[in-house]
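# Descriptive analysis of the structure
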Amino acid sequence: MGSLLQFIRLVGQLKRVPRTGWVYRKVANPESVSDHMYRMAVMALVTEDKELNKDRCIRLALVHDMAECIVGDIAPADNITKEEKHRREKEAMKHLTQLLSEDVKKEIYELWEEYEYQASAEARFVKELDQCEMILQAFEYEELEKNPGRLQEFYDSTAVKKRKLGARILEQRKTVY
């Protein structure tokens, strides 16, 4: 039980890990990694796509950034290669999951790998949610700051405009600005 508590406390640190992109852009009170993962899980919960396993999508959303409780939120501006980021996160996930029972350890690690390697329709959908949640958050920060377009680079870095939810976010942003 001590190991389970250690796992839960480590993951709880995500509540205190601010999203690096917002910190670098000097956003006041930036969301935490935990905030981001929670909204992604809610987005997965309310999906109406009947071809996806909704439960799996929720689980993937909850696990996809879990390693950041150890490695932090590594952003492209940190100039760390994708390979090195993956290596660090893989080690962190191995450490985290070692604290769990065999069944739960296997489940969480495999979910993380599925997302990392985009190995299923659900993993690819959750990757889209990741990007949609990011631009939705950028839109909300621009609204709060009354500074339209300040976070344009976040919109430019995604392909979400091709997706239904991403297109809705971009349409709403146009009506506000």
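All residue numbers refer to positions counted from 1 along the written sequence of the respective chain. At least 70 in pLDDT is required for a residue's local features to be given in this predicted model, at least 80 for side-chain atom pairs to be given and counted, and no such filter applies to totals for whole chains, interfaces and linings, which use all residues. Neither water nor hydrogens contribute to the side-chain values; these are computed over all heavy atoms in the structure.

### Notes on the UniProt feature "domain: HD" (unreviewed entry) in the protein
Under the convention used in this document: UniProt positions are given in the numbering used here, feature names are shortened, and annotations may be inferred rather than shown by experiment. Each helix is a run of DSSP H or I of at least 4 residues and each strand a run of E of at least 2, with the numbering of both proceeding from the N terminus.
Taking the numbering used here, the UniProt-annotated feature "domain: HD" (unreviewed entry) corresponds to residues 33-135. Measuring from the first to the last C-alpha atom of residues 33-135 gives 15 Å, for a span that is 71% helix and 0% strand.

### Description of the packing of helix α4 (residues 54-63) against helix α7 (residues 102-116)
Definition in use: For helices, the axis comes from a line fit to the C-alpha atoms of the stretch in contact; other axes are also lines fit to C-alpha atoms, and the angle between any two N-to-C directions lies between 0 and 180 degrees. Comment on the angle field: the value is read as roughly parallel under 35 degrees, roughly antiparallel over 145, roughly perpendicular from 65 to 115, and oblique elsewhere. Contacts were defined at the residue level, with two residues in contact if any of their heavy atoms lie within 4.5 Å. The classification used treats Ala, Val, Leu, Ile, Met, Phe, Trp, Tyr, Cys and Pro as nonpolar, Asp, Glu, Lys and Arg as charged, and all other residues, Gly among them, as polar.
Interaxial distance between α4 and α7 falls to 9 Å at its minimum, and their mutual angle equals 90°. Between α4 and α7, the angle falls in the class roughly perpendicular. Contact residues: α4 offers R56, R59, L60 and V63, while α7 offers E107, I108, L111, W112, E114 and Y115. Across the contact of α4 with α7, the residue classes tally to six nonpolar, no polar and four charged.

### Considering helix α10 (residues 164-176)
What counts, and what does not: One less than the residue count of a helix, multiplied by 1.5 Å, gives the span that helix is expected to have. Buried, partly exposed and exposed residues are distinguished by accessible area as a fraction of the type maximum, computed with a 1.4 Å probe on protein chains only: under 20%, between the cut-offs, and over 50%, respectively. The reported arc concerns the directions from the helix axis to the C-beta atoms and nothing else.
Over its 13 residues, α10 extends 19 Å from the first C-alpha to the last, a length consistent with the 18 Å expected when each residue adds 1.5 Å. Burial in α10 covers these residues: G166, I169, L170 and R173. Along the axis of α10, the buried residues cluster in a sector spanning 95°; they form a single face. Structural note: α10 exposes K164, R168, K174 and T175 on the side pointing more than 90 degrees away from its buried face. In this structure, the buried side of α10 is in contact with α8 (121-145) and α9 (152-156).

### Notes on the nonpolar core
Defined as follows: In this description, a nonpolar core means a group of buried Ala, Val, Leu, Ile, Met, Phe, Trp, Tyr and Cys residues linked to one another through side-chain atoms lying within 4.5 Å.
The biggest cluster of nonpolar side chains holds 48 residues, and the ones touching the most others in it are F7, W22, M66, M93, L96 and V126. Those elements that provide at least two residues to this core are α1 (2-12), α3 (33-45), α4, α6 (82-97), α7, α8, α9 and α10. For M93, the residues in contact, after removing those within four places along its chain, are V63, M66, A67, I108, Y109 and W112.

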